[in-house]
Each structure stands twice: as structure tokens, then as C-alpha cells.
Amino acid sequence: LFASDRDGGPFHIHHVDVATRQVRRLTNAGASAQSPVLSADGRTLAFVGYTPDGFDLFSLPWSQAEWTAATPFESSPPTSSVFDLGNQTIEEPRPYRPWRMLRPRFWTPIIEADGDQTAFGAATSGADALGRHAYAAGAAWSTRGRPDWYGAYVYDRWRPTLFASASEDTDDWRDGTVRTRELNTGVTVPFRTFRRAQSVFAAIHGSSDRFECADCPSPVDRTITRRSLRSGWLFTTAREYGYSISNEHGFTATASGEWSARALGSSGNAGTAVVDVRGYLPAAPRHGVIAVRAAGAAAWGDDAATREFGAGGPGPSLPGFSFDRDTVALIRGFDTDDVIGRRVMVANADYRLPLAWIERGVGTWPLSLRSLHGAVFADGGAAWDARLVRRQTRASTGVEIAADLVIGYAVPVTVASGFAWRHDPTGAARGAAWFARVGRAF
């Protein structure tokens, strides 16, 4: 079995009898078919087909396969393949060495909102030909002076994927700042099929948070140290297609936990649990989506090491394993610091619809606009410590418009902006608020 466009059209699956050299073409596999595989019992043919939604996996009972005669091979195939190398010499095989392939070969600019400031910087990444080694690094500067930076490395030769990362970052905190330094190392173990994927995560985490707030009612200058064990599980069936503006089918569920202990070097004993579930349903018009999400986080333990979480913020809220203050935050129109607590719950609902397919750039500039799409949303959530009361809740409804871009001819980026109508029981933040985001909401 093989796939070929030998007749001048799209790829089709062919069958050749190696004894008689007779060739047949499969006719009931759709407009395009490739990568044929016959099941071990010989009863089912699996292949990759193409539809208006993009590539997908299909199967066909072998007994129902319909064939037509195809162009035969030449009657006298060559008995050997001889190439004239001229004065070239063939080198002896040598061990695989990936290091020359890993040097940085490109850079991309970083422009990001950093609290009430804008940070500018650059990033790069690389991988070897076999995908065993991969890394990423970047740094950005704002008017704070000290750069925010990160570096990460992944070794993916074995089934457990090994990783290590380090970063330093400054964020706004109350009327001051918090400077966070982190070091993580661990493994993820993936379990993948075509329709679903899941992974198990385990890591050792070390961090130092320096809180400084000279203008607070009670001035703050303290450092919290954490030495933690982390674990998590992620399961997803979420799918998107060639013309999708978002995941269109399926769901994603994530559960993770962190345990900090004085015995490991932490400032205190503490624990954290995070749960995030999101689902996607197709809706009108074509490639429209109804997306829903529910997430929560809880922290407990000694005051010196217990985490706090925020409920507000424009996103993006990415699936994965995170224990940052904004790990579940997504109430558009509010800031992360508007509602803070040791326990947080957030719920989101979006109706997303495509607006236009542009698929154009300007000359050969390395930037093109792929599509425009919009959303109508409703967000709600709360953060509290001991007991939930109404004044700790927030909600917003609104609209947003997003553009899917392609940067550097290869890197997809989504930028979004919109207005949210805020509902705040305290009256501190009411009415319309503008927000912007890089990435999808969730």
C-alpha cells in the first residue's frame, strides 16, 4: 500500500501486487487520502484524509474497499541504483552530535504589558534535528530597570520528558512590587492517541518572592522562600481544524498540587490545589464555538508560605501546570489584584464567531493577518480567605474582537481587545472598562 499523486491530482491510496506488478487505486476514500496502514488482522484500512475542516483520521473496512485499475509500473524496473559522485567522497558514519544544530539561529521581539508599564525585549529558541534537545530563552526590560528573564530546556529522547527552567520576574503588588526568582526541574510522561492525550507531571520547585511596598499603610519588605514538590495530571480531547478560531470540540481537564515544607527549606508548611475544566461545542455559523470554563484554586498552611490567588484579569488562561497568582484568573475588565484570597473560583462562558478571513500580508514583510473573530462573553468569580461573602465576588459581561496573526512566516499569535461591563458589589469598579490581551482567553 502506498499513497501517490502519480495521476496528477491529489494524493490517493494505491495497492500494488508485488508479484504481478499490477496497480490499483482506491476510489471510495474521499477526495484525498494518504498514509495508509492495514490493521494486523487485515480487516481495517486506516488512513489520513483531507476535508474542508482539515486533515483527519479515517478507517474503512477492507472488505468494502473499492478499486480501479491505475497506471502500471514499467515492466523492467532498474536492478540497481547507481549515482555518479564525481570527485566527492563518502564519509564514514559517525555518532550523532546535536550541538552544532542548537546554536541560536533567530530572535523575535518581546512587547508585553507588565502591570502599568510596557516591557521590551527579545527571545530565541532552538532544537536539534531529532528533537531530543530543545531550549528557549528571553529577556525584557521596562522602566523598573532590572530585566525579567527566563530560560528553559527539555530533553525528549525518552518516554519521560525531562525539563528544567529558571526565571526572574517583577510584578506589581499592592502599591509596590514583588520580585520572583524560580527554579524548576522535573518530568512529564505523555500518553497520546489520535483522539485524546493526557500527561502526568512531577517536579521539584524552588522560589524566592521579595515583597517591597514602602507606600503601603504598613510598609512591607519581606522575602518568602518555597521549596516544594509538585505533581499534576492533564487530560484533553479538545480539537481544532485548519480554519478554526478556537478549539471546537472536546474538553480539557487539569488537576495539580503543590506541597511546601520547612524540612525542604521553605519559610513554612503549606499546600496548594488547582483544578481547571474547559469544554468546547460547535455553534453557528461554521466554525463558531461555545466555550465554557470553570476553575478553582485553594491554598492552606502557615502564613509565611501560603499562596494567594487573584480572580480578575483579561487572560490568557493557558491549560497546564501553574501555581502563580493568576493561574486561574479570568474576569475581563478587572485586574488580578482587585480580588485576592487563598481560595478562588472563576467561571467563564464565550460565544465565539468568525468575522473575516483576510489571509494577507504587506509585500514580503514577516507579518500577515490571517483572520478576524469576535466573542460575546460572561465572566464571574470570587476570592476569599476564611468565608465567602458577596462583596468578594466580581462579574463582567462584554464583547471582544481578536486577530490571528502569523509572525516570521511561521509563528501564530492572537491579539485581542474589548470592553467589559463590570459588576462590583463594593462599587469600586463599575461601568465599562477596556482590556487587551495576547493569546486566546482560554
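What counts and how
Residues numbered from 1 in each chain as written. Predicted model: local features only at pLDDT ≥ 70, side-chain atom pairs only at ≥ 80, totals over all residues. Heavy atoms only, no water. Helix = DSSP H or I, 4+ residues; strand = E, 2+ residues; numbered from the N terminus. Buried < 20%, exposed > 50% of the residue type's maximum accessible area, 1.4 Å probe, protein only. Contact = heavy atoms within 4.5 Å. 1 Å grid on protein atoms, 1.4 Å probe; cavity = no way out; pocket = protein on both sides within 12 Å on 5 of 7 lines; lining within 4 Å. Points joined across faces, edges and corners; volume = space filled by probe spheres on them. Nonpolar A, V, L, I, M, F, W, Y, C, P; charged D, E, K, R; others polar. Phe/Tyr/Trp six-rings, centres within 6.5 Å; stacked < 30°, edge-to-face > 60°. Disulfide = S-S within 2.5 Å.

1. Details of the side chain of Ser396
Part 1: Residue position: Ser396 is located in strand 23 (residues 393-407).
Part 2: Of the residues examined, Ser396 reaches a relative accessible area of 1% and is grouped as buried.
Part 3: Apart from residues lying up to four places away in sequence, Ser396 is in contact with Ile331, Arg332, Phe334, Phe377, Ala378, Asp379, Ala420, Trp421, Arg422 and His423.

2. Points about empty space enclosed by the protein
Part 1: In total, this model carries one cavity of 30 Å³ or more according to the counting rule given.
Part 2: The space that makes up the largest cavity amounts to roughly 80 Å³.
Part 3: If you trace the largest cavity, you find it lined by Ile245, Ser246, Arg352, His373, Gly374, Ala375, Glu400, Ala402, Thr414, Arg437, Arg440 and Ala441.
Part 4: The element that contributes the greatest number of residues to the lining of the largest cavity is strand 22 (residues 367-384), accounting for three residues.
Part 5: Considering only residue class, the lining of the largest cavity consists of four nonpolar, four polar and four charged.

3. Comments concerning the packing of aromatic side chains
Part 1: The final tally for this structure, using the stated rule, is 11 aromatic pairs.
Part 2: Plain terms: the ring middles of Phe47 and Phe58 are 5.9 Å apart, the flat faces sit at 20° to each other, and that makes the pair stacked. Here Phe58 lies in strand 6 (residues 54-61) and Phe47 lies in strand 5 (residues 44-51), a separation of 11 residues in the sequence.
Part 3: Given a relative accessible area of 4%, Phe47 falls into the buried group.
Part 4: Grouped by ring-pair contacts, the aromatic residues Phe163, Phe201 and Phe321 constitute a single cluster.

4. Some points on the state of the cysteines
Part 1: The tally for this structure, following the rule as stated, stands at one disulfide.
Part 2: Covalently, Cys213 is tied to Cys216 through a disulfide, its sulfur atoms 1.8 Å apart. Disulfide Cys213 to Cys216: torsion about the S-S bond roughly 90°, handedness right-handed. Take Cys213 and Cys216: they sit in the same class, and that class is buried.

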